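# Remarks on the overall topology
Listed below are the residues making up each chain.
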Amino acid sequence: MLEIGIKGTHTTIVSEKNTAKTMGSGTLDVFATPALIALMEECAWRSVADELEEGCGTVGTMLEVKHTAATPVGMKVVCESKLVQVDGRRLVFEVEAHDEAGMIGSGRHERFIVYNDRFQEKANQKIQK
């Protein structure tokens, strides 16, 4: 059962594959903002996945993030999420990320509960048109 207060944690190491230079979001060898966003989304969806009805998942619908500090290759980044609002199938999370030196980003993330098969089928119909 989904209840306000569910928390999640997810960790990554900054490597060449998730730098701004590699991901195309800049020219430096630091943790890319798109990688930060992906980490925050993964942290949030994983935190509630076991509480969902069989065959359901969540999809991201909104993310408002501040990426406030750079993290070099080799450092660990830890994201923490907290479910702060449940409005029917709409879920709102507060997310924060820290490297070994301190906070590097924070924000709010909204996800929507979907029936996986129906959602995928509807998306696939775009190809048939």
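See the structure shown above.
Residues numbered from 1 in each chain as written. Predicted model: local features only at pLDDT ≥ 70, side-chain atom pairs only at ≥ 80, totals over all residues. Heavy atoms only, no water.

## Quick look at the overall build of the protein
Looking only at helices and strands, the protein features 3 helices and 5 strands. From first element to last, N terminus to C terminus, the protein shows the α and β order β-α-α-β-β-β-β-α. Seen through its C-alpha atoms, the protein measures out along the principal axes to roughly 40 × 40 × 20 Å. The burial tally for the protein puts 33% of its 129 residues in the buried class. Pairs at least 24 residues apart make up 63% of the contacts formed inside the protein by residues separated by at least 6 positions. Summed over its atoms, the accessible surface of the protein is roughly 7,900 Å², and 49% of this surface lies on carbon and sulfur atoms. A distance of 5 Å separates the average location of the 15 positive side-chain charges in the protein from that of its 19 negative side-chain charges. (Helix = DSSP H or I, 4+ residues; strand = E, 2+ residues; numbered from the N terminus. Buried < 20%, exposed > 50% of the residue type's maximum accessible area, 1.4 Å probe, protein only. Contact = heavy atoms within 4.5 Å. Areas by Shrake-Rupley, 256 points an atom, 1.4 Å probe, with all protein chains shown as cover. Lys, Arg positive; Asp, Glu negative; His and termini not counted. Charge placed at Lys NZ, Arg CZ, Asp CG, Glu CD.)

## A look at the side chain of His10
Among the secondary structure elements, His10 is positioned in strand 1 (residues 7-13). A polar side-chain atom of His10 sits 3.3 Å from a polar atom in the side chain of Glu42. (Polar contact = N/O pair within 3.5 Å; in protein donor to acceptor, adjacent residues only side chain to side chain.)

## Things to note about the sheet that holds strand 2 (residues 56-67)
Judged by pairing direction, the sheet is antiparallel, and its 5 strands sit side by side in the order 1-3-4-5-2 without closing on themselves. On the outer flanks of this sheet lie strand 1 and strand 2, each paired with one strand and no other. Taken pair by pair, the neighbouring strands of this sheet meet at an average axis angle of 25°, ignoring direction. Sheet topology places strand 4 (residues 90-99) next to strand 5 (residues 102-115); 10 bridges connect them, and they run antiparallel. Note that in strand 5 the partner of Asp99 across the bridge is Gly102. Relative to the sheet, helix 3 (residues 116-128) contacts strand 2 and strand 5, its axis offset from that of strand 5 by approximately 90°. (Pairing = 2+ DSSP bridges. Axes fitted to C-alpha atoms, helices over the stretch in contact; angles between N-to-C directions.)

## Quick word on the environment of Phe119
Tracing the backbone shows Phe119 in helix 3. A residue is classified by how much of its surface remains accessible, and Phe119, at 42% relative accessible area, is partly exposed. In this structure the C-alpha to C-alpha distance between Phe119 and Leu28, which are 91 residues apart in sequence, comes to 37 Å. Each residue touching Phe119, except ones within four places of it in the same chain, is listed here: Val59 and Val114.

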